[in-house]
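For reference, the chains in residue letters:
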Amino acid sequence: MNIIVCVKQVIDPEAPPASFKIDTEHNKADMHGAPPVIDPYGEYAVEAALRLKEANGGTITIMVMGVNLLREVVKKPLAMGADELILLEDEAFTKGDGWSTAQALALAIKKKGDYDLILCGREASDTNAGQTGLAIAEILGLSCINLARKIEVADSTLKVERVNLSGYDVIESSLPAVITISNEVGEPRYPTIKGIMAAKKIEPVIWKPNDIGLDAHASVKTKLHRLFQPVHEGKCEFAEGDTEEEMAVNLANKLRESKTI
Amino acid sequence: MMSDNTGVAVYCEIKDDKIMPIAAEGLGVGRKLADSLGQELAAVILGSGVGTYAQQAIEYGADKVYVVDDAQVKEYQPDVYVSVLENAAKKIKPQIVIMGQTDAGREIAPRMAYRLETAAILDCVDLDIDSDTKRLLQTKPVYGGNAQAVFVNETDPQIATIRTKAMEALEPDASRKGEVVNIPAEIDAAALKTKIVQRVAEEVAGIKIEDASIVVSGGRGIGSVEGFKQLEELATLMKGALGASRPPCDNNWIPETAQVGLTGKIIAPDVYIAVAISGSSQHMSGCSGAKTIVAINKDKEANIFRYARYGVVGDWKKVLPAFTEKLKELMAS
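Because the structure is a prediction, the values reported are computed rather than measured.

### Some details on the overall build of chain B
Point 1. Of regular secondary structure, chain B possesses nine helices and 18 strands.
Point 2. Expected size for 333 residues packed as a compact globule is a radius of gyration near 20 Å; at 22 Å, chain B falls within 12% of this value.
Point 3. Oriented by its inertia axes, the alpha-carbon framework of chain B measures out at about 65 × 45 × 40 Å.
Point 4. The 333 residues of chain B split such that 60% are buried.
Point 5. Here the analysis covers contacts within chain B between residues at least 6 apart in sequence; of these, 61% occur between residues at least 24 apart.
Point 6. Charged side chains of chain B number 37 positive and 45 negative; the gap between the two group centres comes to 4 Å.

Written out as C-alpha cells, the structure reads:
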C-alpha cells in the first residue's frame, strides 16, 4: 500500500486574528511574528495515511510544494511516521493558481509513480480553495472521493465513509484513487521523540519544474484581483451589573426590549 | 479569454420536494448578473420525475429551464452528475455557471471546471460583474475568514459556488413565464468510477441547526457533556438548535454534526448565542452570517465580541443559569 500525501506549508491559522496582516501592494498575507506550520487540514490526511499504513503496511511519501520551505516544518509528517519527503521547491511553483498547482502535483505524482492512494486535506487553510485533490484526480483520470472520514482497504477495494451534511455515504472504489480527508477522521497524532530523530536522518528529495516536465507557460486561468480584510466594527453593547447574575438578567432584558428574542 | 459563451446558468438542486433554498439564492444572484450583462438566465435541474420543478425555477427568475429527467440520475452520484452537468454545459454554453456550496456543488464545480478547461471558485459570498471588463468578480473568504479575495476567471464558463444565505433569492412570482427544454442524460458508463453502497442519515434530534432561527452554541470552555446539557436547556426554551465550535466536537461532548465553522456547518440564524466561544476565524466563518450575535465570554478581548451585538463579560457557569431563568420569565409574560 503506497500512499502519497500532498500537504502544504502555510501561515499559522491558529495564530491570534490580531496578528494577521495583509500586504495590499503584493496581495499577500502574513501572520506577524508567528512561524509557518504544516497545514492543519493536511495533517488530517497524514493521520489517515498513517492509520492505513498501520493496517496494511506500505510506505508514505509526503509531497510539499512551495518556496522557502522550512525543513523543521515540512519534516513534521516524517516525525509523525511518514517515510519519504519530496519537495517541489521553486519560485515558479508559487506563481500560479489552483489549476497550475494541481497540474504540477499531478506531474510530480506521475514521476514518482507506484502509488495506490493519493490523499489531500479537504482544503488548505490559507486559500480555502478545496479543489486540489479533486483536480489531481481529474488530471490523472483516477477515482475521486471527497471528504472522507474513514478508509478501509480489503482485496484492493477501497471502502470509504464520505461525510455529508446529513450523515455519511459508504463508497466503494478500485485503486488507485484520490481521497480528500475531512477532520472527522480524527485528531492527527503528535510526533514522538523517536519519530523526530528518525525524521532528522531523512533527506528530502527536491524537484524543480524541469524535473517533472512542467511547461514554463503552464496555463493560469484565475487571477487574484484583490485581497482585503473585512472590517468588523466593535459595536458590542455589554450588559452591565455588579454580579454576573445581574449582567445575565440585564442581557435577557436587552434582548427582549430590542425584540431580538 | 473571451468566448462565444453567453448567459448565466444555475444548477438547481432539489431536496424535500422543492428547489433548495441555496438554488433559489443562486437564481436570485444569477438574475442580477444576467440583467447586468443583458443576457439570459437558465436553470438546470437533474433527477427523476423532476419536470414539475421547472415552474419553480421560473418563478424564482429563470428564463429557461433545462431538465435532465432520467431514472439514472434519481440519486446523487458524483461521477454521474459531473458527467451529465459537463454535457449540459457543453450544450448550453453559458458564460457563468452558479451552484450552491453544498456536498454536491463543492465537488462537482471543480471537477466539471477541469473537464471544460476552465476554473471554478468555491464558497463565494459575493458575485458581481466588473463594469469595464464584464468579467465575473468572485469574492470568497480566505485565510479561514481572516480575509476575502476577489478572483477573476479568464476562461468561460466562469464557475462559482455560493455560500448558503450569502445572496438573496427573489420572491417567487407565479406570473413569470419561461421555456422548458428537456435534455438527455447521455451517461458514459466509463465515467462511473465509484459506487455508493450505503447512504446513512445521522439525524440529530430536534430542529436542524441549519434550519433553526435561534442557535445556542458552546465552545471549549463548556468543558463537558453536562455543560452542553445546560446549553440545550436554553436552546429548547427558545425552540432553537444546539451548536458548538470545533473543540467540543473533537472531545465528543457533542456530535460532530453540531459543529459550526469552516469545517462544519455554515449557518445564518436570526440569533446566534455564543457561549464560551473565543471566536476563531474558523468558527466565525460558520456563523458570521447570523443577524444578531450574542456572546457570553469571560475574556473581554475575545474576538467574538468584535462580531457580537450584545454581550456579557463573565463566567458562563454563573451567567447562563440566571440568563435562562430570566428569559423563561420574560417569555412566559
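### Observations regarding the sheet that holds strand β4 (residues 41-47) of chain B
Residue and element names in this part refer to chain B.
Point 1. Overall, parallel pairing links the seven strands, which are arranged β7-β11-β6-β1-β4-β5-β12 in an open sheet. The open sheet has two edge strands, β7 (120-124) and β12 (179-182), and neither has a second partner. On average, adjacent strands in this sheet sit at an angle of 20° to one another, irrespective of strand direction.
Point 2. Judged from the three bridges that link them, β7 and strand β11 (residues 158-162) form a sheet pairing that is parallel. Each residue of the ladder has a partner; that of alanine 120, found in β11, is isoleucine 159.
Point 3. Docked against the sheet, helix α3 (residues 78-92) engages β1 (8-11), β4 and β5 (64-69), running at close to 150° with respect to β4.

### Here we look at the packing of helix α7 (residues 244-257) of chain A against helix α9 (residues 316-332) of chain B
Point 1. Between α7 of chain A and α9 of chain B, the least distance of the axes is 8 Å, while the angle of their chain directions is 40°. When the axes of α7 of chain A and α9 of chain B are compared, the pair comes out oblique. Helix-helix and strand crossings are classified by hand; for α7 of chain A and α9 of chain B the assignment is right-handed. Residues Glu244, Glu245, Ala248, Val249, Leu251, Ala252, Asn253, Leu255 and Arg256 of chain A of α7 of chain A touch α9 of chain B, and the partners they reach there are Lys318, Val319, Ala322, Phe323, Lys326, Leu327, Leu330 and Met331 of chain B.
Point 2. Split by residue class, the contact of α7 of chain A with α9 of chain B holds eleven nonpolar, one polar and five charged.

### A look at the interface of chain A and chain B
Point 1. Listed by partner, the interface residues are 78 residues for chain A and 83 residues for chain B.
Point 2. Both faces considered, chain A and chain B share a buried interface measuring about 7200 Å² in area, 57% of it formed by carbon and sulfur atoms.
Point 3. When the buried surface of chain A facing chain B is broken down by residue, Glu138, Leu165 and Lys221 of chain A rank first, second and third, together holding 9% of it.
Point 4. Here chain A and chain B share six salt bridges between them.

### Let's talk about the domain arrangement of chain B
Residue and element names in this part refer to chain B.
Point 1. Here chain B is partitioned into domain 1 (8-191) and domain 2 (214-332).
Point 2. Placing a centre on the C-alpha atoms of domain 1 and another on those of domain 2 gives a separation of 33 Å.
Point 3. Taken residue by residue, the interface counts eight residues in domain 1 and six residues in domain 2.
Point 4. In this assembly, domain 1 packs against domain 2 so that about 570 Å² is buried in total across both faces, 51% of it on carbon and sulfur atoms.
Point 5. For the pair domain 1 and domain 2, the number of links is zero salt bridges.
Point 6. Taken together, the connections running from domain 1 to domain 2 amount to three residue pairs in polar contact (both at pLDDT 80 or more).
Point 7. Class assignment for the residues of the side of domain 1 that touches domain 2 results in one nonpolar, four polar and three charged.

### What about helix α4 (residues 98-112) of chain A?
All names here are of chain A.
Point 1. For α4, with 15 residues, the first-to-last C-alpha span of 21 Å sits near the 21 Å given by 1.5 Å per residue.
Point 2. Between the side-chain oxygen of the N-cap and the backbone nitrogen of tryptophan 99 there are 3.2 Å, and the N-cap of α4 in question is aspartate 97.
Point 3. Backbone geometry just downstream of α4 places glycine 113 in the positive-phi region, at approximately 60°.

### With respect to the nonpolar core
Point 1. Core analysis: the largest hydrophobic core is formed by 60 residues, its most contacted members being Leu88, Ile109, Ile118 and Ile136 of chain A together with Ile108 and Met112 of chain B.
Point 2. Top element by residues in this core is α3 of chain B. It accounts for eight residues.
Point 3. Every residue in contact with isoleucine 136 of chain A, bar those within four places of it in the chain, is listed here: Cys6, Ala102, Leu105, Ile109, Cys120 and Val178 of chain A.
Point 4. With 43 residues, the next largest nonpolar core counts Ala15 of chain A together with Val10, Ala62 and Ala149 of chain B among its residues.

### Brief notes about the domain arrangement of chain A
Point 1. For chain A, the assigned domains are domain 1 (2-212) and domain 2 (231-261).
Point 2. Between the C-alpha centres of domain 1 of chain A and domain 2 of chain A the distance comes to 44 Å.

Scoring rules and cut-offs
Residues numbered from 1 in each chain as written. Chains lettered and ligands numbered in written order. Predicted model: local features only at pLDDT ≥ 70, side-chain atom pairs only at ≥ 80, totals over all residues. Heavy atoms only, no water. Helix = DSSP H or I, 4+ residues; strand = E, 2+ residues; numbered from the N terminus. Rg over C-alpha atoms; globule rule 2.2 N^0.38 Å. Buried < 20%, exposed > 50% of the residue type's maximum accessible area, 1.4 Å probe, protein only. Contact = heavy atoms within 4.5 Å. Lys, Arg positive; Asp, Glu negative; His and termini not counted. Charge placed at Lys NZ, Arg CZ, Asp CG, Glu CD. Pairing = 2+ DSSP bridges. Axes fitted to C-alpha atoms, helices over the stretch in contact; angles between N-to-C directions. Parallel < 35°, antiparallel > 145°, perpendicular 65-115°, else oblique. Left-handed = near helix turned anticlockwise from the far one by under 90°. Nonpolar A, V, L, I, M, F, W, Y, C, P; charged D, E, K, R; others polar. Buried area = accessible area lost by both parts, 1.4 Å probe. Salt bridge = Lys/Arg side-chain N within 4 Å of Asp/Glu carboxyl O. Domains from an automatic or database assignment. Polar contact = N/O pair within 3.5 Å; in protein donor to acceptor, adjacent residues only side chain to side chain. Expected span 1.5 Å × (residues − 1). Core = buried A, V, L, I, M, F, W, Y, C linked by side-chain atoms within 4.5 Å.

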